[in-house]
Amino acid sequence: MLYFAIFLVVLAFVLLFSVVKIVPQGREFTIERFGKYTRTLTPGISLLTPFVERVGRRMNMMEQVLDVPQQEVITKDNAMVKVDAIVFIQVMEASAAAYRVENLPYAITQLCSTNLRTVVGSMELDEVLFQRDSINSRLLTVIDAATEPWGVKVNRIEIKDLTPPVDITNAMARQMKAERERRAVITEADGEKQAAIARAEGAKQAAILEAEGRREAAFRDAEAREREAEAEAKATAMVSEAIARGDVNAINYFVAQKYVEAFAELARNPTAKTVIVPAEMSGLVGTIAGLGELVGLAKEQQQSRSDVRTAAPVRTTPPAPPRPRGSVPPTE
């Protein structure tokens, strides 16, 4: 009796575990009734008909990564390259993936290998090396269309490694070195060009500033000569007025000043070893005497003006200035 009770308890547990099924998240179970697919269990708890239904396939519904093994491929221009890839897939329909293809990962891997050889073999080596995105896009289009009846979605295909032959690698290294050297030469030439332009601009600005300085100096020299000429003309006019009034000492002073200036310039000449003294020294002495007389007359005029300011500070009629000796009175 005891053994029968134990048997019933064990049978109850077996029936319970065979009837109640819990599907984890990210998985789906296919249910078979006497070996025929009937339905698919989604994540959660479900009940099966005992002794009639059973779980057929447990499918992974999450995205999976498959590694495509490395293989040698001959390109269009007869170059041998080694290439491998990775594929990202996701089962969208559990029943199709379970019953329409045997060993789904292996089938997708072989499909990727054959299409990879087809795509790479239709391209030249340069295109294979520099157009990986184009290869990925073509593989994705072809393989996604091929796996659609299996209930599988191919999300991405990426070329993981692409190795050209050793001689091609060496040639590419030499080409890259030559390209780098060419860029270095071009960069150096550009630098020299910019430096030459900068130096030329500096020389141009310096020449412009120097020309402006010369122009300003010439303008200042011309202005100084103009002022000097004006002063000379004014002095000549004053001497002419004095001569017109009969003042002979003015012309004596003017001639003596020019005479002394010319003699001093002759004495300052560094190339002259001798100084020639004029033979007519009496004319020079007379001129100097006239200058002394003119200076004495100026002192007398200054003294008389001082006496006038001291004696009569306020006068309605200014006194007539003293007439120099030897001058002719002006005519009416």
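Residues numbered from 1 in each chain as written. Predicted model: local features only at pLDDT ≥ 70, side-chain atom pairs only at ≥ 80, totals over all residues. Heavy atoms only, no water.

**Considerations on the packing of helix H3 (residues 104-121) against helix H5 (residues 132-147)**
One way to put it is that H3 packs onto H5 with a least axis distance of 10 Å and a crossing angle of 140 degrees. Taken together, the axes of H3 and H5 are oblique relative to one another. Once H3 is placed against H5, the crossing between them reads as right-handed. Judged by residue contacts, Ile108, Leu111, Cys112, Asn115, Leu116, Val119 and Val120 of H3 engage Ile135, Arg138, Leu139, Val142, Ile143, Ala146 and Thr147 from H5. (Axes fitted to C-alpha atoms, helices over the stretch in contact; angles between N-to-C directions. Helix = DSSP H or I, 4+ residues; strand = E, 2+ residues; numbered from the N terminus. Parallel < 35°, antiparallel > 145°, perpendicular 65-115°, else oblique. Left-handed = near helix turned anticlockwise from the far one by under 90°. Contact = heavy atoms within 4.5 Å.)

**Side note on the pattern of salt bridges**
What the rule picks out here adds up to 13 salt bridges. Its salt-bridge partner being Arg39, residue Glu53 comes within 3.1 Å of it at the nearest N-O pair. With Glu53 in strand E5 (residues 53-60) and Arg39 in strand E3 (residues 36-41), this residue pair connects regions lying 14 residues apart in the sequence. Across the pair Lys153 and Asp144 runs a salt bridge whose closest N-O atoms are separated by 3.2 Å. (Salt bridge = Lys/Arg side-chain N within 4 Å of Asp/Glu carboxyl O.)

**Some details on the side chain of Thr30**
With respect to the helices and strands, Thr30 occurs in strand E2 (residues 27-33). There is a polar contact of 2.7 Å between the side chain of Thr30 and the backbone nitrogen of Arg57. (Polar contact = N/O pair within 3.5 Å; in protein donor to acceptor, adjacent residues only side chain to side chain.)

**Things to note about the sheet that holds E5**
If you walk across this open sheet you meet the 3 strands as E3-E2-E5, and the pairing is antiparallel. The strands lining the two open edges of the sheet, one partner per strand, are E3 and E5. Neighbour to neighbour, the strand axes of the sheet diverge by 30 degrees on average, direction disregarded. With 6 bridges joining them, E2 and E5 adopt antiparallel strand pairing. Within the sheet, the bridge partner assigned to Arg27 lies in E5 and is Asn60. (Pairing = 2+ DSSP bridges.)

**Side note on the packing of aromatic side chains**
Tallied over the entire structure, the rule returns 1 aromatic pair. Measuring from ring centre to ring centre gives 5.5 Å for Tyr37 and Tyr99, while their planes differ by 50 degrees; the resulting arrangement is tilted. In this pair, Tyr37 sits in strand E3 while Tyr99 sits in helix H2 (residues 94-99), placing the two residues 62 residues apart along the sequence. Residue Tyr37 is classed as partly exposed on the basis of its relative accessible area of 30%. Between Arg156 and the ring centre of Phe88, over which it is positioned, the NZ or CZ distance is 4.2 Å. (Phe/Tyr/Trp six-rings, centres within 6.5 Å; stacked < 30°, edge-to-face > 60°. Buried < 20%, exposed > 50% of the residue type's maximum accessible area, 1.4 Å probe, protein only. Lys NZ or Arg CZ within 6 Å of the ring centre and 35° of its normal.)

**Points about the sheet that holds strand E7 (residues 80-91)**
In space, the 3 strands of this open sheet follow the order E6-E7-E8, with antiparallel pairing throughout. Taken across any chain shown, the strands that pair with only one partner, and hence form the sheet edges, are strand E6 (64-74) and strand E8 (152-163). Between one strand axis and the next, the sheet turns by 20 degrees as a mean value, whatever way the strands run. Examined bridge by bridge, E6 and E7 share 9 bridges and lie antiparallel to one another. If you follow Gln71 over to E7, its bridge partner there is Val83. Of the strands in this sheet, E6, E7 and E8 are in contact with H3, which crosses E6 at around 35 degrees.

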